[in-house]
Every structure is written in C-alpha cells, then in structure tokens.
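Overview (structure and organization)
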Amino acid sequence: MHLNPYGADVVNFAAELANRPPASADELADRCRTAGLVLERPVEPSDLDQTLAVIDVWTKVVDATGEHAKAELVNEMLARSAAYPRLTDHAHGWHLHYRDDLQPLGAVLFALISVGTAMHLVSRGMDRLGRCAAAGCETIFADTSRTARQRYCSQPCANRDAVRRHRHRARQSASPTRLADRRR
C-alpha cells in the first residue's frame, strides 16, 4: 500500500494505532513499514512515546463534540507539529511534506496525523471520524464511505447491532402489554 501521507490512509493508520497501540519501538517501525511509510532514521523508544502521546491527542479530536471543538484541537496539533510545506523526492517520487526533513519518527507521525486529519475533515466533513455505534464497541474509525453514513467500525459490528435491535423489537412486540392490546 502506498501511504498517501495527507489523505484517508493516514487517518485510517491513526485509527489503527489508537485501536491497537504498538507495544514497542520495533512494533511501531514494523507497522509503519507495513503501512508504506519510509523510515529515514532508526526508530527509538522516544518515538514510541511521542507516537502514543500523539494518538492520545488525536483521540480527543475523534471524541470532540461539535465542529468548532474538533477544529480547535486539530489547529493545536497543527501548530505544534507542522512546518512549511516542502517538495521532496526521497521515496515514491515528488510529493509534499509538511515537516522538516530528517525528523525522528514520532515527529513525522505527529505531522502526518495532524495534517492528514485536517485534510480529511475539511475534504470529507467534520463529522467523519468517530467511534463504533455498536453497544460495547469503542473502536475508532475514519469514515471514508461515499455516503458519509458510516456508524460502525466493521460489518460484523453492524450485523451484531442489527440483530440486537431486531431481538429487542421482537421482545417488545411479544410483551404482555402488547398482547393485551392486540386482544382488544
């Protein structure tokens, strides 16, 4: 997968890191490589610490209620992480970076997630980050659907919730008060 550093791929990667945080610097490096991110420097434990801190801040954006609250949090992230845009050709041809060159991975991820989230929200909609609506599921997702109606992290969660609602309606229609109403 080619990681589009400022598009849907980065918010999906941020959601993956939030839902299943890496336990070590090596795991973080492996997951970044798997996502298509070019690592220019060795990954240090401090990169893991900074990445986990970035994900904590990013999760606050996901959970924020209201467009202005989300925008304020993203703007704070951008102010702390991004530099002026620059062209670079270090990996997959010419592309933009919104960070200084040769930064440690934690700083790179901070810039990627900040700018990627900002671009995702302004291009797709301020409500396009969320948590699964299924009871008991707290999984974060980035809504990249065409219809902008994603409510669940996955199809299994959507199916489980539909079954739960169906069974609830069936119990409601079979309740003693409903049966008495039907007899009248």
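Residues numbered from 1 in each chain as written. Predicted model: local features only at pLDDT ≥ 70, side-chain atom pairs only at ≥ 80, totals over all residues. Heavy atoms only, no water.

1. A word on the overall build of the chain
- From N to C terminus, the chain includes seven helices and four strands.
- Reading the chain from its N end, one meets helices and strands in the order α-α-α-α-β-β-α-β-β-α-α.
- For the chain, the proportion of its 184 residues judged to be buried stands at 40%.
- Contacts in the chain between residues at least 24 apart in sequence constitute 50% of all its contacts with a sequence separation of at least 6. (Helix = DSSP H or I, 4+ residues; strand = E, 2+ residues; numbered from the N terminus. Buried < 20%, exposed > 50% of the residue type's maximum accessible area, 1.4 Å probe, protein only. Contact = heavy atoms within 4.5 Å.)

2. Focus on the side chain of Thr-88
- Within the element layout of this structure, Thr-88 appears in strand β1 (residues 86-88).
- Leaving out residues up to four positions away in the same chain, Thr-88 has contacts with Gly-93, Trp-94, His-95 and His-97.

3. Focus on a nonpolar patch on the surface
- Together, Leu-87, Trp-94 and Leu-96 line one region of the surface with nonpolar side chains, adding up to about 370 Å² of accessible area.
- Counting through the fold element by element, Leu-96 comes out in strand β2 (residues 95-97). (Patch = residues over 30% accessible without salt bridge, like charges linked within 9 Å, V, L, I, M, F, W, Y side chains within 5 Å. Areas by Shrake-Rupley, 256 points an atom, 1.4 Å probe, with all protein chains shown as cover. Salt bridge = Lys/Arg side-chain N within 4 Å of Asp/Glu carboxyl O.)

4. Quick notes on empty space enclosed by the protein
- Summed over all chains, the structure comprises one cavity of 30 Å³ or more.
- Of the pockets and cavities examined, the largest cavity occupies roughly 90 Å³.
- Considered class by class, the residues forming the lining of the largest cavity number six nonpolar, one polar and three charged. (1 Å grid on protein atoms, 1.4 Å probe; cavity = no way out; pocket = protein on both sides within 12 Å on 5 of 7 lines; lining within 4 Å. Points joined across faces, edges and corners; volume = space filled by probe spheres on them. Nonpolar A, V, L, I, M, F, W, Y, C, P; charged D, E, K, R; others polar.)

5. Let's talk about the nonpolar core
- Ranked by size, the top nonpolar core spans 34 residues in total, and within it Leu-28, Trp-58, Leu-109, Ile-113 and Leu-129 carry the most contacts.
- Breaking this core down by element, the ones donating at least two residues are α1 (8-19), α2 (25-34), α3 (45-63), α4 (67-81), α5 (105-124) and β4 (140-142).
- Of all the elements, α5 adds the most residues to this core, at eight residues.
- With sequence-adjacent residues up to four places away left out, Leu-109 is seen in contact with Phe-13, Leu-28, Cys-32, Leu-37 and Thr-51.
- In terms of nonpolar packing, the next biggest core, distinct from the first, is built from six residues, Cys-132, Ala-134, Cys-137 and Ala-158 among them. (Core = buried A, V, L, I, M, F, W, Y, C linked by side-chain atoms within 4.5 Å.)

6. Here's the deal with the confidence of the model for the chain
- Per-chain confidence: the chain averages 88 in pLDDT, with 90% of residues scoring 70 or above.
- Least confident of the elements in the chain is helix α7 (residues 176-183), whose mean pLDDT is 55; most confident is α3, at 97. (pLDDT = per-residue confidence, 0-100.)

7. Re the state of the cysteines
- Using the criterion set out here, one finds zero disulfides in the structure.
- Free of any disulfide, Cys-137 has its nearest neighbouring cysteine sulfur in Cys-132, separated by 3.8 Å.
- On the basis of relative accessible area, Cys-137 is assigned to the buried category, the value being 13%. (Disulfide = S-S within 2.5 Å.)

8. Here's the deal with the environment of Thr-139
- Along the chain, Thr-139 turns up in the loop between β3 (129-131) and β4.
- Note on Thr-139: relative accessible area 27%, which makes it partly exposed.
- Taking C-alpha positions, Thr-139 is 8.5 Å from Ala-18, a pair spaced 121 residues apart along the chain.
- Dropping the residues within four chain positions of it, Thr-139 is found in contact with Asn-19, Gly-130, Arg-131, Cys-132 and Cys-153.

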